[in-house]
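Close look at the chain arrangement
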Amino acid sequence: MVRSNNLKVLIAGGGIGGLTALLALRARSIDAQLFEQTEAFRQVGAGIQLSSNATRILRTLGLGEALARVCVYPEGRDYRAWDDGDRLYYTPLGARAEAQFGAPYYHAHRADLLGVLLDGVANTGFRLNSRVEGFAQTTDCVTVTLADGTKVAGDVLIGADGIHSTVRGQLFGKELPRYTGNVAWRGLVPAERVVHLDLGSVTGVWMGPNRSIVQYYVAAGRTFNWIGISRSESRRANRGSPRDGLRMCSPNILAGTRPFAPLSPRPRASCGRRSTTANRCRIGGSGASSCWAMPRTR
Ligand SMILES: Cc1cc2nc3c(=O)[nH]c(=O)nc-3n(C[C@H](O)[C@H](O)[C@H](O)COP(=O)(O)OP(=O)(O)OC[C@H]3O[C@@H](n4cnc5c(N)ncnc54)[C@H](O)[C@@H]3O)c2cc1C
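Please read all numbers here as calculations on a predicted model, not as lab measurements.

**Some points on the site of the ligand**
Looking at the ligand, there are 23 residues lining it, with Gly17, Glu36, Ala46, Arg110 and Arg186 nearest. Within the backbone of Gly47, one N or O atom sits 3.1 Å away from a nitrogen atom of the ligand. Calculation on the ligand without its partners gives an accessible area of 920 Å², and the protein chains cover 67% of this total. Those elements giving two or more residues to the shell around the ligand turn out to be helix 1 (16-27) and strand 3 (47-50).

Here it is in structure tokens:
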């Protein structure tokens, strides 16, 4: 049985989940230590949408003001046809969603969110350059082994080590993410390059057959983020040029089974050539599990 007082919790992985778990445990005066494999918390990634259930938790951890400073507070989610730009559907967000769900809906750059979490933990409670290679559990404790051979014991281990989780692999067997048959191109554009397109403070969703483009501002409105999702036989994931991104998103939309009109000018103009970065990522998922926890490992 795991004792509820004087617990020592070990956390594998310092991403969004791991750092939030560290903060939440500290808020309850529970001793926690986090192990992150990278040498430094890098300012990488692109846009992330934070719904009210996430921001409510981050607020209770004292991060509400810091989050508001770096995020964008969208007015709504605007669903439009990919070809003629007609509005198909609109979901209000902003003050209405905040009143209904008790916390705001935000757009954030992942690096900004990670920065807020890191400020929250005040640069303590974690070890960098510390890859968790495996763990052993007994009825009394769980011990992790780090890449340099160091062993650290605690009462509970939380696996927050992402999609290629070592902890999950040891618990339930190694499982490669299943390719969904979709790839996502994503890019970032300095906001001033798209301001004339009047894209609004919304989550813009451009919907086409087997294709979609999602766009929104991040970084307190300084940067515009776009994601173009389409079917692809190729699982190739790489960095590419913005031009590759546009080629990937829009011609593929046009290459459907029946004739298509061109992609609406606004997403076309904002997605491709004006971007400073563009990456192609495959979209994967993992199989459902009926059990996510063992006595000392979550
Ligand atoms: C570099 C990066 C950039 C991303 N960019 C975006 C983005 O732009 N938009 C978006 O929507 N999502 C992005 N994601 C994904 C998104 O952050 C996560 O899918 C989601 O937040 C789930 O968070 P998580 O904490 O479970 O995992 P992650 O955020 O993936 O974090 C897992 C952490 O665990 C560390 N780790 C992995 N294995 C070990 C190990 N064995 N020992 C110790 N540490 C380990 C990793 O280095 C990483 O820091 C990104 C993830 C990463 C890692």
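Now, onward.
**Structural notes on the sheet that holds strand 7 (residues 126-127)**
What the 4 strands build is an open sheet, ordered 7-2-1-11; its pairing is parallel. Strands at the two margins of the open sheet, each flanked by one partner only, are strand 7 and strand 11 (156-159). Where strand 1 (residues 8-12) and strand 2 (residues 31-35) come together, 5 bridges link them in parallel fashion. If you follow Leu10 over to strand 2, its bridge partner there is Gln33.

**A word on the nonpolar core**
Ile11, Leu19, Leu50, Leu63, Leu67, Leu117 and Val121 are the most contacted members of the largest nonpolar core, which totals 27 residues. Counting only elements with at least two residues in this core, the list comes to strand 1, helix 1, strand 2, strand 6 (106-109) and helix 5 (110-121). With 6 residues, the single largest contributor to this core is helix 5. Domain assignment of the residues forming this core places at least three in each of domain 1 (1-40 + 128-174) and domain 2 (54-108 + 176-286).

**Topic: the side chain of His109**
Take His109: it is sitting in strand 6. Residue His109 is classed as buried on the basis of its relative accessible area, which comes to 12%. In terms of polar contacts, His109 uses its side chain to reach the backbone carbonyl oxygen of Gly45, at 3.2 Å. Excluding its chain neighbours within four sequence positions, the residues that come into contact with His109 are Val44, Gly45, Ala46, Leu188, Val218 and Ala219.

Here is what the cut-offs are and how they apply
- Sequence positions are assigned chain by chain, starting from 1 and proceeding in written order.
- Local features in this predicted model are restricted to residues whose pLDDT is 70 or higher, and side-chain atom pairs enter the listing and the counts only when it is 80 or higher, whereas totals over whole chains, interfaces and linings include all residues.
- To get the side-chain values, all heavy atoms of the structure are used, and hydrogens and water are removed first.
- Being near a molecule or strand, for a residue, means having at least one of its heavy atoms within 4 Å of it.
- We call two N or O atoms a polar contact when they sit within 3.5 Å, provided that within protein one can donate a hydrogen and the other can accept it, with sequence-adjacent residues counted only if both atoms are side-chain atoms.
- Computed with the Shrake-Rupley method and a 1.4 Å probe, the accessible areas treat only the protein chains shown as cover for residues.
- Only DSSP runs of H or I with at least four residues qualify as helices, and only runs of E with at least two residues qualify as strands; both kinds are numbered from the N terminus onward.
- What makes two strands pair is DSSP finding at least two bridges between them.
- To define a nonpolar core, start from buried Ala, Val, Leu, Ile, Met, Phe, Trp, Tyr and Cys residues and group those joined through side-chain atoms within 4.5 Å.
- The rule is simple: take the accessible area with a 1.4 Å probe, protein chains only, and divide by the maximum for that residue type; under 20% is buried, over 50% is exposed, in between is partly exposed.
- All the domain ranges listed were derived from an automatic or database domain assignment.
- Here, residues are in contact when the closest pair of their heavy atoms is within 4.5 Å.

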